[in-house]
Amino acid sequence: MTVTRSARVGDPPPDPATAPGQLSFDGFYHAHFRGLVVQLTAYTGDLGQAQDLVQEAFCRAYTRWDRVSGYDDPLAWVRKVAWNLGHHRWRRLRTAQAWLSRQRETHVAGPTPDRVAIDVALAQLPPKQRRAVVLHYLADMSVVEIAAQERVAEGTVKSWLHRGRAALATQLRESTGEVRDA
């Protein structure tokens, strides 16, 4: 029966060699984990992130341990993987931050009382007149362009615009007591 105990902080690492020429992964891990974490902490500036990176590098080494343990310096391989992971994570974060900086909300001042009055007045117009007024004054379309889009005669568009302007003037005069240049 074999009795094992878990490693504790401050205990020396287990003997790295289990057989001549064969390196134990457990011994290798215990011997080098802390040192790599110190290096990656200095590189990333974040202990938690450094621990994650080193742990991931050791996980990758473990899955390839038959090959990695035969290298002249398996620690160099694990170190390189951890540093590469740190570099790739930094690049992904930089890209994400650049994307987020382009997605930030821009705060725009609320509508002025005049704008609210115009919006309310436009909402009360019949749909065809409203569409003609919006297309002509807000979208800067000519009467000819509006007529082509709506598939009506130019005279019809002129009539819609005339009636729409008259209705807007009446509604704005009633709501504000005067007609302002909109």
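Remember, predicted model here, so these are calculated numbers, not experimental data.

Peer 1: An account of the overall build of the chain is requested, with residue identities and associated values reported.
Peer 2: Across its full length, the chain holds 8 helices and 2 strands. Across the chain, helices and strands are ordered from the amino to the carboxyl terminus as β-β-α-α-α-α-α-α-α-α. Relative to its full complement of 182 residues, the chain shows a buried share of 24%. For the chain, long-range pairs separated by at least 24 residues make up 50% of all intrachain contacts whose partners lie at least 6 apart in sequence. Of the roughly 13,000 Å² of accessible surface on the chain, a fraction of 54% belongs to carbon and sulfur atoms.

Peer 1: So what's going on with unusual backbone geometry? Residues and values would help.
Peer 2: Only a minority of non-glycine residues have a phi that is not negative, and only a minority of peptide bonds are not trans. With a phi close to 55°, Asp140 is a non-glycine residue in the positive phi region. Mapping Asp140 onto the fold places it in the loop between helix H6 (127-138) and helix H7 (143-150). Here the phi dihedral of Arg151 falls at roughly 60°; this positive angle occurs in a residue that is not glycine. Within the secondary structure, Arg151 is located in the loop between H7 and helix H8 (154-176).

Peer 1: Any details on the pattern of salt bridges? Residues and values, ideally.
Peer 2: Applying the stated rule across the entire model yields 3 salt bridges. Asp119 serves as the salt-bridge partner of Arg115, at 3.1 Å between the closest nitrogen and oxygen. Here Arg115 and its partner Asp119 are both found in helix H5 (residues 113-124), 4 residues apart, which amounts to about one turn of the helix. Given a relative accessible area of 42%, Arg115 falls into the partly exposed group.

Peer 1: Give a detailed account of the packing of aromatic side chains, specifying residues and quantitative values.
Peer 2: A full pass over the atoms with the stated rule returns 10 aromatic pairs. Ring centres of Phe25 and Phe58 lie 6.2 Å apart, and the angle between their planes is 75°; this geometry places the pair in the edge-to-face category. Of this pair, Phe25 sits in helix H1 (residues 25-44) while Phe58 sits in helix H2 (residues 47-63), placing them 33 residues apart in sequence. One exposure class covers both Phe25 and Phe58, and it is buried. Here the aromatic rings of Tyr29 and Phe58 are separated by 4.9 Å at their centres, their planes lie at 75°, and the arrangement is edge-to-face. Here Tyr29, found in helix H1, pairs with Phe58, found in helix H2; they are 29 residues apart in sequence, far enough to count as distant.

Basis of the calculations
- Sequence order as written defines the numbering, with residues in each chain counted from 1.
- Local features in this predicted model are restricted to residues whose pLDDT is 70 or higher, and side-chain atom pairs enter the listing and the counts only when it is 80 or higher, whereas totals over whole chains, interfaces and linings include all residues.
- In computing side-chain properties, one takes all heavy atoms of the structure into account and sets aside hydrogens as well as water.
- Numbered from the N terminus, helices here are DSSP runs of H or I no shorter than four residues, and strands are runs of E no shorter than two.
- A simple rule labels every residue: compare its accessible area, found with a 1.4 Å probe on the protein chains alone, to the largest value its type can have, and call it buried under 20%, exposed over 50%, or partly exposed in between.
- By definition, residues are in contact when any of their heavy atoms lie within 4.5 Å.
- The Shrake-Rupley method, run with a 1.4 Å probe sphere, supplies the accessible areas, and residue values consider only the shown protein chains as cover.
- A side-chain nitrogen of Lys or Arg and a carboxyl oxygen of Asp or Glu constitute a salt bridge if their distance falls within 4 Å.
- Pairing of aromatic side chains here covers Phe, Tyr and the six-membered ring of Trp, requires ring centres within 6.5 Å, and sorts the geometry by plane angle: under 30 degrees stacked, over 60 edge-to-face, intermediate tilted.

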